[in-house]
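For reference, the chains in residue letters:
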Amino acid sequence: MAPVRQGQPAAVGQSTGPGGFAELFVSAYLAAGEGTEDSLAPFLPTARDVTLRAAPGAQRAQELAAVKVREVVAAALDMNQ
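All of these numbers come straight from a predicted model, not from anything done at the bench.

Here we look at the overall build of the protein
For the protein, the count of helices and strands is 2 helices and 0 strands. For the protein, with 81 residues in total, the buried portion stands at 16%. Of the contacts made within the protein by residues no fewer than 6 positions apart, 36% connect residues no fewer than 24 positions apart. When the accessible surface of the protein is totalled, it reaches about 6,500 Å², and 52% of it is carbon and sulfur.

Laid out in structure tokens, this is it:
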């Protein structure tokens, strides 16, 4: 998988797995800033409620890698069971 560079849109429907999702989220979060909170919407349903104070692009990551990934099944997340 090629690294995602700032300015390159991330395809949310892409089959990246949990490690790829984490890398895409961290990259998007670091690149986001005041006024660009909506760019986090593919990762955070409540992105419009997030307030960022840094200038967009003030923080960045050159290379991201998921170090440890554990897949969680949906049944384990259901608190009603």
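That was the structure; now back to the text.
A word on the environment of alanine 22
Looking at the secondary structure, you find alanine 22 in helix 1 (residues 17–31). Separated by 44 residues in sequence, alanine 22 and alanine 66 have C-alpha atoms that sit 7.0 Å apart.

Rules behind the numbers
- Residues numbered from 1 in each chain as written.
- Predicted model: local features only at pLDDT ≥ 70, side-chain atom pairs only at ≥ 80, totals over all residues.
- Heavy atoms only, no water.
- Helix = DSSP H or I, 4+ residues; strand = E, 2+ residues; numbered from the N terminus.
- Buried < 20%, exposed > 50% of the residue type's maximum accessible area, 1.4 Å probe, protein only.
- Contact = heavy atoms within 4.5 Å.
- Areas by Shrake-Rupley, 256 points an atom, 1.4 Å probe, with all protein chains shown as cover.

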